[in-house]
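Breakdown of the fold
These are the residues of each chain, in order.
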Amino acid sequence: MTNLIRVSRQRSQESHVDTDHPAPLYTGREPDETTLTRAALPVLDSLCAELINEPACLILTDSKGVVIHRGGGDGSLLQALDSVNPAPGFCYSETGVGTNGIGTALEVGAPVLVNGDEHYTGSLRMFSCAGALVTHPVTGALLGVVDITTKAKNSNALLLSFAKLAARRIQGADPRRGEPAGPRTPRATTTPPANTPAAR
């Protein structure tokens, strides 16, 4: 277990997170149209199309960890995810559900991979998740997190790389159309790996 995970688990304990069942707060609000959603949703729709019926799911949150969008994944994974509520309107902050790819990335301000038993809450230990920050390409302001989640048995080293690639693609998208902007806007120059992180 890395020091980053140990410190995160200590924060989770200090926040009195339930060690058995995550309790993400439901905000009850529909996601507003923002710079993030305008840029991210077309990008995520494209990436999620590659993950249909694959054991991996992409999740987008705002800067507070509130889920805005979830896509991709096979039936078994989606059913398992439904039991822990990483769904639109639910907040996956570290103070709410403990060590996890979304909340811990927000806490440390950097991409993070949380594998299986590294999660603080027991119900999340069946998953591995990688979260990467999405920042404004001009101001650098934090906009949200893009996370890729799979069952722990399917975890591999490409999870975090795929999450960071998705974040770069969102940052390089034109928020007016969700398409690559002109040369002044930073953008990813790589293409997605032929085998997704969910490849077995």
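Residues numbered from 1 in each chain as written. Predicted model: local features only at pLDDT ≥ 70, side-chain atom pairs only at ≥ 80, totals over all residues. Heavy atoms only, no water.

Here we come to the environment of S63. Tracing the backbone through its elements, the reader meets S63 in the loop between β2 (56-62) and β3 (67-72). Given a relative accessible area of 30%, S63 falls into the partly exposed group. The spatial distance from the C-alpha of S63 to the C-alpha of V145 is 6.8 Å, given a sequence separation of 82 residues. Discounting chain neighbours no more than four positions away, the residues touching S63 are L106, L142, L143 and G144. (Helix = DSSP H or I, 4+ residues; strand = E, 2+ residues; numbered from the N terminus. Buried < 20%, exposed > 50% of the residue type's maximum accessible area, 1.4 Å probe, protein only. Contact = heavy atoms within 4.5 Å.)

Our focus in this paragraph is the side chain of H69. Note on placement: H69 falls in strand β3. Leave out the neighbours within four places in its chain, and H69 touches L41, L44, D45, C48, L58, I59 and L60.

The description of an aromatic ring pair uses the distance of the two centres, along with the angle that the planes make with each other. Throughout the structure, instances matching the rule amount to one aromatic pair. Measuring from ring centre to ring centre gives 4.8 Å for Y26 and F90, while their planes differ by 45°; the resulting arrangement is tilted. In this pair, Y26 is assigned in strand β1 (residues 25-26) and F90 in strand β4 (residues 90-91), connecting sequence segments 64 residues apart. (Phe/Tyr/Trp six-rings, centres within 6.5 Å; stacked < 30°, edge-to-face > 60°.)

What follows concerns the confidence of the model for the chain. On average, the chain scores 87 in pLDDT, and the residues at 70 or more come to 86%. Low pLDDT (under 50) marks residues 178-200, which in the prediction has 52 contacts with non-local residues, meaning those over four places away or in another chain. (pLDDT = per-residue confidence, 0-100.)

So, on to the pattern of salt bridges. One side chain can pair with another of opposite charge once the charged atoms of both are near each other. Inspection of the entire model under this criterion finds four salt bridges. Two residues, R11 and E107, come together in a salt bridge whose shortest N-O distance is 3.9 Å. Here R11, found in helix α1 (residues 3-14), pairs with E107, found in helix α5 (residues 101-108); they are 96 residues apart in sequence, far enough to count as distant. Judged by relative accessible area, which is 24%, R11 ranks as partly exposed. Close ionic contact of E33 with R38 constitutes a salt bridge, the shortest N to O distance being 3.5 Å. One salt-bridge network, held together by shared partners, links R11, E94 and E107. (Salt bridge = Lys/Arg side-chain N within 4 Å of Asp/Glu carboxyl O.)

Turning next to the pairing of strand β7 (residues 142-151). Burial of β7 is extensive: seven of the ten residues sit out of reach of the surface. Strand direction decides the pairing type here: strand β6 (residues 127-135) and β7, joined by nine bridges, are antiparallel. The residue of β7 that forms the bridge with T135 is L142. (Pairing = 2+ DSSP bridges.)

L36, L58, L60, V146, I148 and I170 are the most contacted members of the largest nonpolar core, which has 25 residues in total. Setting aside residues no more than four positions away along its own chain, L60 makes contact with L36, A40, L41, L44, V66, V67, I68, H69, V145, V146 and I170. C57, L81, I102 and L133 belong to the second largest nonpolar core, which has 19 residues in total. (Core = buried A, V, L, I, M, F, W, Y, C linked by side-chain atoms within 4.5 Å.)

Closest axis-to-axis distance for the α1/α5 pair is 11 Å, and the angle between their directions is 100°. As far as their axial angle goes, α5 and α1 are roughly perpendicular. From α1, L4, S8 and R11 reach across to α5, where they touch T104, E107 and V108. Its residues assigned to classes, the contact of α1 with α5 shows two nonpolar, two polar and two charged. (Axes fitted to C-alpha atoms, helices over the stretch in contact; angles between N-to-C directions. Parallel < 35°, antiparallel > 145°, perpendicular 65-115°, else oblique. Nonpolar A, V, L, I, M, F, W, Y, C, P; charged D, E, K, R; others polar.)

This part is about the sheet that holds β7. Spatially, the five strands line up as an open sheet ordered β3-β2-β7-β6-β5, and their pairing is antiparallel. Of all the strands in the sheet, just β3 and β5 (112-114) have a single pairing partner and so form its edges. Going from strand to strand, the sheet's axes swing by 20° on average, the running direction of each strand aside. Pairing of β2 with β3, which is carried by five bridges, proceeds in the antiparallel orientation. Bridge pairing in β3 places L58 opposite G71. Most of the contacts of helix α3 (residues 75-82) go to β7, to which it runs at about 120°, and overall it touches β2, β3, β6 and β7.

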